[in-house]
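Structural overview
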Amino acid sequence: MMPRNKHADDNRPPLLAVAEAKQRILDGLGRTATEKVSYGSALGRTLAAPVYAKASVPAFDLSAMDGYAVRGEDVKTLPARLTRCGESAAGHPFTGKVARGEAVRIFTGAKVPDDADVIILQEDVDAMSEENGITITIKSGNPAGKHIRRKGLDMEKDTPVLDAGQHLSARAISLCLSAGHIELEVYKQPRIGILSTGDELVPPGTTPAKGQIVSSNAQYLADFVEMNGGIPINLGIARDAAGALAEALEAHAELDLIVTSGGASVGVHDHIAGDLDGANQKVDTVNQTQIDFWKIAMRPGKPVIFGKIRNIPLLGLPGNPVSSAICAMIFLAPAMAHMQGRHHQDMTFHAMLASDLRDNDKRQEYLRATLAYDAAGRAIVTPASLQDSSMLSVLANADVLIMRPPFDPARHAGDQVTVLPIPRLF
Ligand SMILES: Nc1nc2c(c(=O)[nH]1)N[C@H]1C(S)=C(S)[C@@H](COP(=O)(O)OP(=O)(O)OC[C@H]3O[C@@H](n4cnc5c(N)ncnc54)[C@H](O)[C@@H]3O)O[C@H]1N2
Ligand code: MOO
């Protein structure tokens with residue numbers, strides 16, 4: 001009988017699918033508490049309560065054009081001669097009424113005077129001056145109501161304009177201001193601890209000695225957390241030793257999520273999974289560790305881990321910089337959205353392949369690729385020829401990830417594939 005290979009794990013369960021891994025991460029995360037913030041600090045936050053319009057916007061009927069406000073009955077027959085009786089400008093409304101035979105000079109954004117129901121563009125009017133009392137000639141008209149923005153067109157008083165869970169973009173914040181709000185109820189920013197692991201790592205700014213490398217993952221993850229509305233907490237670099245994870249957390253109890261990079265795989269120097277399943281803990285009950293899953297059907301990103309330590313959820317990302325970066329896009333972005341009460345939706349589209357791809361195996365794949373448009377405006381995607389998960393040079397120059405499901409058959413130049421844009425900041 002052949003001796004059993006110590007490293008083989010032939011009875012291993014099938015790797016967890018990416019979608020299921022994502023769902024299990026979301027299921028394992030709570031929402032942060034809520035707080036009120038001023039509009040100037042609200043960018044990127046998520047609304048915890050719906051926003052209602054405090055007043056109708058516009059608050060009164062406005063002219064959408066520069067011209068003259070008249071009564072429809074006066075311009076049924078053209079040309080029509082009317083007397084200019086006043087002016088309505090933005091911020092300076094005409095307070096009188098428009099009588100028969102009269103016209104009010106009006107400008108874009110100005111209140112439409114009472115009794116006027118037609119706006120005539122100034123291009124359609126002969127007027128000798130900008131004086132009140134002059135006679136003007138209307139050469140052509142517009143139907144009643146055209147070029148008038150009615151009261152409540154944008155929002156009606158007391159109606160909802162944004163739902164809870166809405167991401168506060170600059171657009172959404174300007175809507176809130178227009179709706180009369182200067183304070184918004186939002187989810188607190190999740191505090192995300194970032195721990196790098198590896199005896200070879202030195203912090204940026206340190207010249208690596210032989211065998212050492214500069215740690216680049218932690219800064220990527222910190223930027224990623226910040227751009228996704230969280231507060232990154234640098235937990236430093238843990239050495240490749242059993243129990244190093246718990247030690248690194250000692251001074252950091254107030255975390256909503258821990259993200260580690262490295263030490264996720266199966267080597268004897270990889271300790272994250274071991275630290276989580278209790279095998280490396282002397283007193284397991286102190287650290288309250290749990291492992292939900294380890295290893296998923298994803299390339300790059302196979303050794304991803306999800307678990308808990310001291311009741312804090314932990315997402316263990318692989319050390320390879322490209323794996324860590326892509327796993328953040330696929331798992332950390334939706335996780336952070338979820339913690340802040342928001343649903344994350346990957347925005348994918350289809351593009352035409354510029355070169356052939358061989359058939360895929362059992363792992364869902366995310367290929368680094370560049371995007372260009374041909375003369376007909378079609379999106380053309382070119383996968384990088386080298387896809388090694390250590391190659392930041394490829395990732396940093398990529399525009400999109402080509403997403404390939406497990407067992408995707410061979411694809412050929414000209415085929416349509418699904419692509420996921422890499423946001424410019426990442
Ligand atoms: N026998 C097997 N070996 C490996 C497997 C496997 O299934 N069986 N999986 C491979 C895959 S896939 C990946 S991904 C890696 C992930 O390994 P780890 O998460 O344990 O990562 P490390 O070994 O710690 O590091 C990998 C690589 O990345 C560099 N690194 C680590 N941290 C950083 C950082 N903060 N900044 C920059 N670079 C970093 C590290 O020096 C290594 O070169 O495992 C495979 N092995
Ligand atoms: O899955 Mo690893 O993340 O190939 O490099």
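Definitions and cut-offs
- Residues numbered from 1 in each chain as written.
- Chains lettered and ligands numbered in written order.
- Predicted model: local features only at pLDDT ≥ 70, side-chain atom pairs only at ≥ 80, totals over all residues.
- Heavy atoms only, no water.
- Helix = DSSP H or I, 4+ residues; strand = E, 2+ residues; numbered from the N terminus.
- Rg over C-alpha atoms; globule rule 2.2 N^0.38 Å.
- Buried < 20%, exposed > 50% of the residue type's maximum accessible area, 1.4 Å probe, protein only.
- Pairing = 2+ DSSP bridges.
- Axes fitted to C-alpha atoms, helices over the stretch in contact; angles between N-to-C directions.
- Near = heavy atom within 4 Å.
- Polar contact = N/O pair within 3.5 Å; in protein donor to acceptor, adjacent residues only side chain to side chain.
- Nonpolar A, V, L, I, M, F, W, Y, C, P; charged D, E, K, R; others polar.
- Core = buried A, V, L, I, M, F, W, Y, C linked by side-chain atoms within 4.5 Å.
- Domains from an automatic or database assignment.
- Parallel < 35°, antiparallel > 145°, perpendicular 65-115°, else oblique.
- Left-handed = near helix turned anticlockwise from the far one by under 90°.
- Contact = heavy atoms within 4.5 Å.
- pLDDT = per-residue confidence, 0-100.
- Salt bridge = Lys/Arg side-chain N within 4 Å of Asp/Glu carboxyl O.

By the naming in an unreviewed UniProt entry, the protein chain goes by Molybdopterin molybdenumtransferase and is assigned to Puniceispirillum marinum.

Attention shifts here to the overall build of the protein chain. The number of helices and strands found in the protein chain is 8 helices and 26 strands. Here the C-alpha radius of gyration of the protein chain, 31 Å, is well above what a compact globule of 426 residues would show, namely 22 Å. For the protein chain, the C-alpha atoms occupy an extent of roughly 110 × 50 × 40 Å along the three principal directions. Buried residues in the protein chain amount to 45% of all 426 residues.

With that out of the way, let us pick up the sheet that holds strand β18 (residues 290–294). Within a sheet, each strand pairs with its neighbour through backbone hydrogen bonds, oriented either parallel or antiparallel. Strand order across the open sheet formed by 6 strands is β16-β13-β17-β21-β20-β18, with mixed pairing between neighbours. Because the sheet does not close on itself, it has two edges, and the strands there are β16 (231–238) and β18. Across the sheet, the axes of successive neighbouring strands diverge by a mean angle of 20°, strand direction being ignored. By the bridge criterion, 5 bridges tie strand β20 (residues 305–309) to strand β21 (residues 312–317) in an arrangement that is antiparallel.

Time to look at the site of ligand 1. Close to ligand 1 lie 22 residues, the nearest being Glu200, Ser216, Ser265, Lys302 and Gly319. Contact distances for ligand 1 include 3.0 Å between an oxygen atom and a backbone N or O atom of Ala264. Of all the elements in the fold, those that place two or more residues in the shell around ligand 1 are β15 (213–214) and α7 (321–339). Taken together, the residues of the shell around ligand 1 break down into 8 nonpolar, 10 polar and 4 charged.

Turning next to the site of ligand 2. Around ligand 2 sit Pro300, Gly301, Lys302, Asn320, Ser323, Arg363 and Ser389, and those are all the residues in its vicinity. Here an oxygen atom of ligand 2 and a backbone polar atom of Gly301 are 2.5 Å apart. Take Ser389: an N or O atom from its side chain is 2.5 Å from an oxygen atom of ligand 2. Each residue belonging to the shell around ligand 2 can be placed in one class, and the counts come to 1 nonpolar, 4 polar and 2 charged.

Further remarks concern the nonpolar core. With 41 residues, the main nonpolar core has Met298, Phe331 and Leu332 as its most contacted residues. When contributions to this core are tallied by element, the ones reaching two or more residues are α1 (18–27), β13 (191–197), α3 (217–227), β17 (257–261), β21 and α7. Residue contributions to this core peak at 13 residues, all from α7. Looking at this core, you find at least three residues from each of domain 1 (6–33 + 189–339) and domain 4 (349–421).

Put simply, side chains in a regular strand alternate between the two faces of the sheet. Relative to strand β23 (residues 364–373), strand β19 (residues 298–299) runs parallel, the two being bridged by 2 bridges. Each residue of the ladder has a partner; that of Arg299, found in β23, is Glu365. Here 5 bridges tie β23 to strand β25 (residues 400–404), and the two strands are oriented antiparallel to one another. Looking across to β25, one finds that Leu367 is bridged to Ile402. When β23 meets strand β24 (residues 379–383), the two strands line up antiparallel, connected through 5 bridges. Bridging across to β24, Leu371 finds its partner in Val381.

Ordered by their spatial adjacency, 6 strands build an open sheet running β7-β4-β6-β5-β9-β8, and the pairing between neighbours is mixed. Looking at which strands have only one partner, the edges of the open sheet turn out to be β7 (118–121) and β8 (125–126). Here 4 bridges tie strand β4 (residues 67–70) to strand β6 (residues 102–106), and the two strands are oriented antiparallel to one another. Paired with Tyr68 across the strands is Arg105, a residue of β6.

Another aspect to go through is the packing of α3 against α7. Relative orientation of the contacting elements α3 and α7 amounts to 20°, with a least axis distance of 11 Å. Here α7 runs roughly parallel to α3, going by the angle between their axes. The handedness of the crossing between α3 and α7 is right-handed. Only Pro321, Ser324, Ala325, Ala328, Met329, Leu332, Ala333 and Met336 of α7 make contact with α3, whose side of the interface consists of Asn217, Tyr220, Leu221, Phe224 and Val225. Taken together, the residues of the contact of α3 with α7 break down into 11 nonpolar, 2 polar and no charged.

Before going further, it helps to spend a moment on the side chain of Arg45. Inspection of the secondary structure puts Arg45 in the loop between β1 (34–38) and β2 (51–52). For Arg45, the side chain forms a polar contact with the side chain of Glu35, separated by 2.4 Å. A polar contact is formed between the side chain of Arg45 and the backbone oxygen of Tyr187, at a distance of 3.0 Å. In this structure Arg45 touches Glu35, Val37, Gln166, His167, Leu168, Val186, Tyr187, Lys188 and Gln189, once residues within four positions along its chain are discounted.

Averaged over the protein chain, the pLDDT score is 95; the fraction of residues at 70 or greater is 95%. As a predicted assembly, this complex carries a pTM of 0.92 together with an ipTM value of 0.98.

This part is about the pattern of salt bridges. By the definition in use, this model includes 23 salt bridges. Between Lys36 and Glu185 there is a salt bridge whose closest N-O contact spans 3.4 Å. Residue Lys36 is located in strand β1, and its partner Glu185 is located in strand β12 (residues 183–187); the two are separated by 149 residues in the primary sequence. Here Asp74 and Arg100 are joined by a salt bridge, their closest N and O atoms 3.3 Å apart. Placement of Asp74 in the loop between β4 and β5 (80–88) and of Arg100 in the loop between β5 and β6 is noted, with a sequence separation of 26 residues between them. Judged by its relative accessible area of 12%, Asp74 falls in the buried class. We classify Arg100 as exposed; its relative accessible area is 55%. Among the ionic contacts, a cluster of salt bridges with common partners joins Arg299, Asp361, Glu365, Arg404, Asp408 and Arg411.

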